[in-house]
Amino acid sequence: METVDWEKIEALGYRRATRLRKIEHALVSYPDGLTSEQLCHEIGLTTSSRIRTLQIDLNELRELYTGKQEITRSPHKLLTKGGDLAFPEAEFTTGDRKQLNAICRLIAFFDGAVPIKDVLHVTLSDAEEALKGISDSIDVTTNGKEIKYIKEIFEAIEHRYVLDIFYPRLHNGKEFPFAPYLLKRFNNKWFVIGRMYVDKPFDWTVIPLAAIPILNKHKGDCHYLPNKEFEISELKQRIRSYYDNVLGFHVPTNESDPEKVPHTLNPEMLEIEDILIKCSPTALRLIKENPIHNNQQISEEKSEVMLRLVINPLLIQRILGFGEEVEVITPQTLRENIIDTIHKMVSNYQTN
């Protein structure tokens, strides 16, 4: 049940609404009450008829309340008793706005991919009902370990602080400092992209959240790098550009010696190929519904898919997944790679 007459509020003129908002804000800010003179001072009312004007404003504000709200006579106190405010933003402090903004950004970022209740630790019954309503219509599976750390990583990105991460496959299975830059979702899994502070690090490293057994806020001397706003923005843009032409995160290198692998990750240095795939009608429909990559272009007339990508094992696996329904036309190097893989697959099933 509504406790404020919202239609009347919407009908107020700008000046009128502004003054009533100031009165409500002042009453919220001073819960012990204000005299008429004090209230006039708080809202900047200085005319000779200010007390009379204030009384008219207070009566009009009282009429907006249709529930348990009450404004007492002088000293004036606002007693909400569980009711709404006519101008609810009057209750928010700067800190409240920052927190609300962070929550909204979280919700917008996750876009339904993570149960918001688990992320924000909400326990209110109204939120429970709302989430239940969503889950009845949307089924999104998220690993429990991902939920466990995703809030901490997001906050570290927002506030720019270093984390201590234990990830068995890196740094000989020892804990290491890590500055997170981006959270990225791929193939129904969450990954964090950031900088390691050990082992001659690359410009960034990609770690799956579900594989992180331990994560804590860094207690040592490592500082978040880079620390300047424009440097962080440029780095994030470089990361996004890098993966604009990569399926997944793996980028193969021709270097057989790990020590010679370049640790500077430059999108302009990627070996990007123009790929043409001939498809059966079934495969074309599947690729339209579940794109191989977001830069793909489809020719309905020729039943072809065109891509501009780095050739990596994940791309080859994806193409092989369509079986005889597709054929790589170009480049020749990818055709040969597919043929070699098929021959190895056949040999696995040959009997002596």
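Fair warning: this is a prediction, and the values are worked out from it, not measured in the lab. (Residues numbered from 1 in each chain as written. Predicted model: local features only at pLDDT ≥ 70, side-chain atom pairs only at ≥ 80, totals over all residues. Heavy atoms only, no water.)

**A few points about the overall build of the protein**
The number of helices and strands found in the protein is 12 helices and 11 strands. Buried positions account for 36% of the 352 residues belonging to the protein. Counted over contacts in the protein with a minimum sequence separation of 6, partners at least 24 positions apart contribute 61%. By element, 51% of the accessible surface of the protein is carried by carbon and sulfur atoms, the whole surface being about 21900 Å². (Helix = DSSP H or I, 4+ residues; strand = E, 2+ residues; numbered from the N terminus. Buried < 20%, exposed > 50% of the residue type's maximum accessible area, 1.4 Å probe, protein only. Contact = heavy atoms within 4.5 Å. Areas by Shrake-Rupley, 256 points an atom, 1.4 Å probe, with all protein chains shown as cover.)

**Observations regarding the packing of aromatic side chains**
Applying the stated criterion to the full structure yields eight aromatic pairs. Plain terms: the ring middles of Tyr242 and Tyr243 are 5.3 Å apart, the flat faces sit at 80° to each other, and that makes the pair edge-to-face. Judged by its relative accessible area of 6%, Tyr242 falls in the buried class. Residues Tyr243 and Phe249 carry aromatic rings whose centres are separated by 5.3 Å and whose planes lie at 85° to one another, so their mutual orientation is edge-to-face. Residue Tyr243 shares its accessibility class with Phe249, and that shared class is buried. Here the aromatic cluster, defined as three or more aromatic residues joined through ring pairs, consists of Phe186, Phe191, Trp204, Tyr242, Tyr243 and Phe249. (Phe/Tyr/Trp six-rings, centres within 6.5 Å; stacked < 30°, edge-to-face > 60°.)

**Considerations on the nonpolar core**
Formed by 23 residues in total, the largest nonpolar core has its most connected members in Ile23, Leu39, Leu54, Leu61, Ala86 and Phe87. Put simply, the parts of the chain that give this core at least two residues each are helix 2 (14-29), helix 3 (36-43) and helix 4 (50-64). Examining the composition of this core, we find that five residues originate from one element, helix 2, more than from any other. If near-sequence neighbours (up to four positions away) are discounted, Leu39 is found in contact with Ile23, Ala26, Leu27, Leu34, Leu54, Leu58 and His76. One finds Ile153, Ala156, Tyr161 and Leu209 within the second-largest nonpolar core, a separate group that totals 21 residues. (Core = buried A, V, L, I, M, F, W, Y, C linked by side-chain atoms within 4.5 Å.)

**A few points about the sheet that holds strand 7 (residues 214-217)**
Taken together, five strands build an open sheet; the order of strands is 6-5-4-3-7 and the sheet is antiparallel. If you trace the sheet from one side to the other, it starts and ends with strand 6 (205-208) and strand 7, each paired once. Ignoring strand direction, the axes of neighbouring strands in this sheet form an average angle of 40°. Contacts between helix 9 (residues 229-243) and the sheet are confined to strand 4 (176-186), strand 5 (189-196) and strand 6, with strand 4 contributing the most and set at about 50° to the helix. (Pairing = 2+ DSSP bridges. Axes fitted to C-alpha atoms, helices over the stretch in contact; angles between N-to-C directions.)

Function cannot be read off these values alone, since they describe shape.
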